[in-house]
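Listed here are the chains, written in short residue letters.
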Amino acid sequence: MLDTTSFPIMAKWPPQHPDRLQLYSFPTPNGVKASIMLEETGLPYEAHKVTLADADVKSPEFLSLNPNNKIPAIIDPNGPDGTPIGVFESGAILLYLAEKTGQFIGQSATDKHRITQWLMFQMGGLGPMLGQLGFFYKFAGSEIEDPRPRERYINEAKRLLNVLNQELEGQDWIAGDYSIADMAIAPWLRGLDFYGAREVVGWDDHANLTAYLDRFLDRPAVQKGLVTPARD
């Protein structure tokens, strides 16, 4: 059971079920990684909506859990040492939950490392590059007259999509069986639609990727995780 006095974040987002894992998130490509994983594992959890507004992510309460002021973050009342633990960074949360449950991390040490390398591919490459693509193609960066920043991220997005498309040749998931690597990668691919950037990166030319994303979105746990916590 959580001692709520040990976690200042709970003053702003009080738990109704302190015996459950607490999720602080918003349904962005990074945020839904955690909610999808929680749905896939079946772990009991309570979701708290943390908007991207400064009043939430830069509040003292949220910063007490994640000093980097980014969603998602979790508190597990049943940590690995028998005491509650807070975890931030979406990739770290996926690894934590996979190790806690023994699910979606492969059946062997070799599997785990193969999955982890593709998780790191998303964390260090795909996510940051597609995020910059969105900034320069749809958001404030699109107003910059110099075309070079936009072209850089369009071209890098194309390169990364080609890497994934080639890797998926002949297999359903990026590292063998369905894993946390897929939960990290696929939400960012879905984000291309939100950015209105599918055409500019040649999305329809990547047959393996389009089928991959369709498979991912067909999963019931994914469908639930994509809308948890609810925006409204």
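The structure we're discussing is the one just above.
Residues numbered from 1 in each chain as written. Predicted model: local features only at pLDDT ≥ 70, side-chain atom pairs only at ≥ 80, totals over all residues. Heavy atoms only, no water.

### Considering the packing of helix α5 (residues 90–101) against helix α6 (residues 109–137)
Working step 1: In the contact formed by α5 and α6, the axes pass within 10 Å of each other and the chain directions differ by 160 degrees. Considering their axes alone, α5 and α6 lie roughly antiparallel with respect to each other. Where α5 crosses over α6, the two elements pack in a sense that is right-handed. Residues Ser90, Gly91, Leu94, Leu95 and Glu99 of α5 form the contact with α6, whose participating residues are Lys112, Thr116, Leu119, Met120 and Met123. (Axes fitted to C-alpha atoms, helices over the stretch in contact; angles between N-to-C directions. Helix = DSSP H or I, 4+ residues; strand = E, 2+ residues; numbered from the N terminus. Parallel < 35°, antiparallel > 145°, perpendicular 65-115°, else oblique. Left-handed = near helix turned anticlockwise from the far one by under 90°. Contact = heavy atoms within 4.5 Å.)

### Here's the deal with the pattern of salt bridges
Working step 1: Counted according to the given criterion, the structure contains 10 salt bridges.
Working step 2: Note that Asp56 is salt-bridged to Lys12, the shortest N-O span being 3.9 Å. Linking Asp56 in helix α3 (residues 54–57) with Lys12 in helix α1 (residues 9–12), this pair joins segments that are 44 residues apart in sequence.
Working step 3: The exposure class of Asp56 is buried, given its relative accessible area of 12%.
Working step 4: Residue Arg148 pairs with Asp146 through a salt bridge whose shortest N-O separation is 2.7 Å.
Working step 5: With relative accessibility at 30%, the residue Asp146 sits in the partly exposed group. (Salt bridge = Lys/Arg side-chain N within 4 Å of Asp/Glu carboxyl O. Buried < 20%, exposed > 50% of the residue type's maximum accessible area, 1.4 Å probe, protein only.)

### A few points about the environment of Gly91
Working step 1: Relative to the helices and strands, Gly91 resides in helix α5.
Working step 2: Note: C-alpha distance between Gly91 and Pro72 (19 residues apart in sequence) is 9.8 Å.
Working step 3: Setting aside anything within four residues of it in sequence, one finds Gly91 in contact with Leu119 and Met123.

### Thoughts on a nonpolar patch on the surface
Working step 1: There is a patch of nonpolar side chains on the surface, built from Phe135, Phe139 and Phe194 and spanning about 310 Å² of accessible area.
Working step 2: Residue position: Phe135 is located in helix α6.
Working step 3: On the basis of relative accessibility, which here comes to 35%, the residue Phe135 falls in the partly exposed class. (Patch = residues over 30% accessible without salt bridge, like charges linked within 9 Å, V, L, I, M, F, W, Y side chains within 5 Å. Areas by Shrake-Rupley, 256 points an atom, 1.4 Å probe, with all protein chains shown as cover.)

### Observations regarding the pairing of strand β3 (residues 73–76)
Working step 1: Residues Ala73 and Ile75 line one face of β3 and the alternating positions Ile74 and Asp76 line the opposite face, and both faces are buried.
Working step 2: Sheet topology note: the strand β1 (residues 21–25)/β3 ladder contains three bridges and is antiparallel. Looking at β3, one finds that Tyr24 is bridged to Ala73.
Working step 3: Pairing analysis gives four bridges linking β3 to strand β4 (residues 85–88), with the strands arranged antiparallel. Bridge pairing links Ala73 to Phe88 in β4. (Pairing = 2+ DSSP bridges.)

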